[in-house]
Amino acid sequence: MKQFFVTLLWCSVLPAAVHAQTAPALKSGEQVYRETCMACHGPGLANAPRVGDKKVWAKLNAEGQAMVTAHGWVGMRAMPPKGGRKDLSLEEFARAVAWMARGSGGNWQDPDARMLERIRGEEVKRIEQLKKAPAKG
Ligand code: HEC
């Protein structure tokens, strides 16, 4: 019986310990949102798509997760690049976007490797576009 509990203990503690050592400590979308994005995207400051505004997010949903995430990441009008947090990774930023979308009637998920690649592709396109026509959003 005692051995059973010892085994149980190791089964629950070990994987967590190994995980903590190997995985980079990425923030969750909700965490990033609360720390950085909520100031503007909570109240909808300066036309920031407000979390919970299903109408606005339906339009973004139609544009697609990769493009919308890339545009936010690069920055547009009053939206500062990376939400003003230069230390955020693209994956963390994209998680925050997905979290906001889910809170607004969408079903975007935390990005997998394929989605991150698509976002990078849109980022390159966006930067090219802005070089050609900087004034247009
Ligand atoms: C200083 C205010 C501010 C902060 C902080 C901010 N945003 Fe924004 N964001 C905006 C504004 C304003 C817009 C609307 C830009 C426009 O369409 O003119 C916007 C637009 C966006 C868009 C839509 C892009 C598109 O294609 O229309 C995304 C995605 C986004 N923000 C993500 C984020 C994330 C994620 C964070 C936090 C890491 C964040 N923002 C932090 C102000 C902010």
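In the block above lies the structure referred to throughout.
Presented here is an overview of the structure given in this document. (Residues numbered from 1 in each chain as written. Predicted model: local features only at pLDDT ≥ 70, side-chain atom pairs only at ≥ 80, totals over all residues. Heavy atoms only, no water.)

What follows covers the overall build of the protein chain. Helix and strand counts for the protein chain come out as six helices and zero strands. Written out in order from the N terminus, the α and β elements of the protein chain read α-α-α-α-α-α. Residues counted as buried form 31% of the 137 residues belonging to the protein chain. Restricting the contact set of the protein chain to residue pairs at least 6 apart, pairs at least 24 apart contribute 60%. Split by element, the accessible area of the protein chain, about 9,100 Å² in all, is 59% carbon and sulfur. (Helix = DSSP H or I, 4+ residues; strand = E, 2+ residues; numbered from the N terminus. Buried < 20%, exposed > 50% of the residue type's maximum accessible area, 1.4 Å probe, protein only. Contact = heavy atoms within 4.5 Å. Areas by Shrake-Rupley, 256 points an atom, 1.4 Å probe, with all protein chains shown as cover.)

Attention now goes to the pattern of salt bridges. Any two side chains of opposite charge can pair, given that their charged atoms come close. Applying the stated criterion across every chain yields a total of ten salt bridges. In this structure, E35 and R85 form a salt bridge, with 3.5 Å as the shortest nitrogen-oxygen distance. Separated by 50 residues along the polypeptide, E35 in helix α2 (residues 29-41) and R85 in the loop between α4 (65-74) and α5 (90-102) bring together distant segments of the chain. Among the salt bridges present, the one from E128 reaches K131, with a minimum N-O distance of 3.3 Å. Of this pair, E128 and K131 both sit in helix α6 (residues 113-132), three residues apart, roughly one helical turn. Classification of E128 by relative accessible area gives partly exposed; the value is 36%. Within the structure, one salt-bridge network assembled from shared partners comprises K27, E35, R85 and D87. (Salt bridge = Lys/Arg side-chain N within 4 Å of Asp/Glu carboxyl O.)

Protein coordination at the iron atom of the ligand: the donors are H41 (NE2) and M79 (SD), at 2.0 Å from the metal. One way to put it: the six donor atoms around the iron atom of the ligand meet at angles of 86 to 180°, and that makes the site octahedral. Pair noted here: H41 is in helix α2 and M79 is in the loop between α4 and α5, with a separation of 38 residues, a long-range link. What makes H41 buried here is its relative accessible area of 10%. (Donors = N, O, S within 2.8 Å, 3.2 Å for Na, K, Ca; no water. Tetrahedral: all angles 85-135°; square planar, octahedral: opposite > 155°, others 65-115°.)

Let us now look at the site of the ligand. Inspection of the region around the ligand gives 25 residues, with C37, C40, H41, R77 and M79 positioned closest. Contacts to the ligand include H41, whose side-chain N or O atom sits 2.8 Å from a nitrogen atom. At a separation of 2.6 Å, an oxygen atom of the ligand approaches a polar side-chain atom of R77. Taking a 2 Å distance to the grid points as the criterion, the majority of the atoms of the ligand fall inside the largest pocket. Elements supplying a minimum of two residues to the shell around the ligand: α2, α3 (54-63), α4 and α5. Considering each element in turn, the shell around the ligand owes the most residues, five residues, to α2. (Near = heavy atom within 4 Å. Polar contact = N/O pair within 3.5 Å; in protein donor to acceptor, adjacent residues only side chain to side chain. 1 Å grid on protein atoms, 1.4 Å probe; cavity = no way out; pocket = protein on both sides within 12 Å on 5 of 7 lines; lining within 4 Å. Sits in = over half its atoms within 2 Å of the grid points.)

By volume, the largest pocket is sized at about 750 Å³. In this structure, the largest pocket is lined by 28 residues; those nearest its centre are H41, A48, P49, M76 and M79. When residues in the lining of the largest pocket are grouped by element, the largest group, five residues, is from α3. (Points joined across faces, edges and corners; volume = space filled by probe spheres on them.)

What follows deals with the side chain of E92. Mapping E92 onto the fold places it in helix α5. It is K27 that comes nearest to the buried, bridge-free E92 among opposite-charge side chains, at 5.6 Å. Excluding anything up to four places from it in sequence, E92 contacts A25, L26, K27, V32 and D87. (Lys, Arg positive; Asp, Glu negative; His and termini not counted.)

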